[in-house]
Amino acid sequence: MKIITDKRCTQYAHPGHPERPARVARTVERLRNQKTLPITWAEPSPVDETAILRAHTPSLLRRLREEHVDFDMYTPTYPDIAEHAQRSIGGALKAMHSAVQGERAFSLLRPPGHHATRNRAMGFCYLNNVASAVLAARAEGVGRVAVFDFDVHHGNGTEDILVGQSGCAFFSIHQWPAYPGTGREHRDNCFNYPVAPCTPPDKYREVADEAIGQLRAFRPDLVGVSAGFDCYVGDPLCQQRLEIEDFHWIGSKLRETGLRVFSVLEGGYSDDLPRLVISYLLGLEGLELTKELKHDDKSESPPDDSSSVSDAHMEPFWGPSF
Ligand SMILES: [Zn+2]
């Protein structure tokens, strides 16, 4: 498995924000301290404006670079956020190119991207990583490209960018109602599989199975996965019930398709994120979920108190109910 990361993505933070540097820093640490999953490490590709402007309007890019004002309560501005967001696209591009060459790859960077629409940053996302990579693949001659999004929130930004795009299709399983309130029904080439709050994992698997079946029916040449781990039972932002072995199952199901797959990190805000990521990647590689990983209720390194999320700080991030 190729892991694409860059330490600079941990060098910005907002006090109390759940999308915090420890998500990536602790996942990298845990990946480095394990031997079950063979890893090659890589850095994000350089990104030119063309790649960004296939997915986004010039006005969004200009605002990101020049106007340092918060986009909304979930999506604060940071110094150099444009560089961080572009680097995240670079990770998705590197992962995509690896998959085209037959190698499995995971972009482990922040910020995430699937809520960023063509002209709007929102929901912790500034630019859309997976959509930018999909449109780059299409521009470079890949015939049919699908996105599979298992983040607990609907990938409204990816849908906004890919809807009606020839050769593209979007398949999303997510909680509804939940932030951002979209994704209740199919829309053109975008196929939405909402699940109710507190859906049991076996029911969730049935719905995911159906979504992956439809994805296969699209006969994609390449699949980009928006890998969000906030459908975990221990995640503070939504009310799903998936356990660590369910993420291994998702990886295994994607492997079973025999398709070329690349993945990018979206959400996932619990302290167990590193274990969940590794579980998913082991499934993708056809490797067993180890007992050590499965039964480790506590992460190898203690939570970073300076960046942990307190209940008081979390409240604004639970999001409105729709
Ligand atoms: Zn999410």
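No experiment lies behind these values; they were computed from the predicted model shown. (Residues numbered from 1 in each chain as written. Predicted model: local features only at pLDDT ≥ 70, side-chain atom pairs only at ≥ 80, totals over all residues.)

A.B. asks: Now, about the environment of E245: what can you tell me, with residues and values included?
C.D. replies: With respect to the helices, strands and loops of the structure, E245 is situated in helix 8 (residues 244-256). Expressed as a C-alpha distance, the spacing of E245 and G102, which sit 143 residues apart in the sequence, is 26 Å. Non-local contacts of E245, meaning those with residues more than four positions away in its chain, are made with L289 and K294. (Helix = DSSP H or I, 4+ residues; strand = E, 2+ residues; numbered from the N terminus. Contact = placed C-beta atoms within 7 Å.)

A.B. asks: Account for the confidence of the model for the chain, with residues named and values stated.
C.D. replies: Do not read the fine detail of predicted coordinates wherever pLDDT is low. Per-residue confidence for the chain gives a mean pLDDT of 93, with 92% of residues at or over 70. The low-confidence segment residues 297-302 (pLDDT under 50) makes 9 contacts with residues lying over four places distant or belonging to another chain. This stretch, residues 305-322, has a pLDDT under 50; its non-local contacts, to residues over four places away or in other chains, come to 25 contacts. (pLDDT = per-residue confidence, 0-100.)

A.B. asks: Can you tell me about the pairing of strand 7 (residues 222-227), naming the residues and giving the values?
C.D. replies: With 6 of its 6 residues buried, strand 7 lies for the most part within the structure. Of the two faces of strand 7, the one lined by L222, G224 and S226 and the one lined by V223, V225 and A227 are each fully buried. Bridge analysis of strand 4 (residues 145-149) against strand 7 gives 5 bridges, and the strand direction is parallel. Paired with V147 across the bridge in strand 7 is G224. By the bridge criterion, 5 bridges tie strand 7 to strand 8 (residues 261-265) in an arrangement that is parallel. Residue pairing in the sheet places S226 in a bridge with V264 of strand 8. In this fold, the crossover linking strand 7 to strand 8 by way of helix 8 has right-handed handedness. (Buried ≥ 20, exposed ≤ 12 C-beta atoms within 10 Å, placed from the backbone. Pairing = 2+ DSSP bridges. Right-handed = clockwise from strand over helix to strand, strands pointing away.)

A.B. asks: Outline the sheet that holds strand 2 (residues 40-42), supporting the account with residue identities and numerical values.
C.D. replies: Pairing in this open sheet of 8 strands is parallel, and the strands run 2-1-3-8-7-4-5-6 from one edge to the other. Both edges of this open sheet fall to strand 2 and strand 6 (190-195), since each of them pairs with a single strand only. Strand after strand, the sheet turns through a mean of 15° between neighbouring axes, direction not considered. Note that strand 1 (residues 2-4) and strand 2 share 3 bridges and pair parallel. Within strand 2, the residue paired with K2 across the bridge is T40. (Axes fitted to C-alpha atoms, helices over the stretch in contact; angles between N-to-C directions.)

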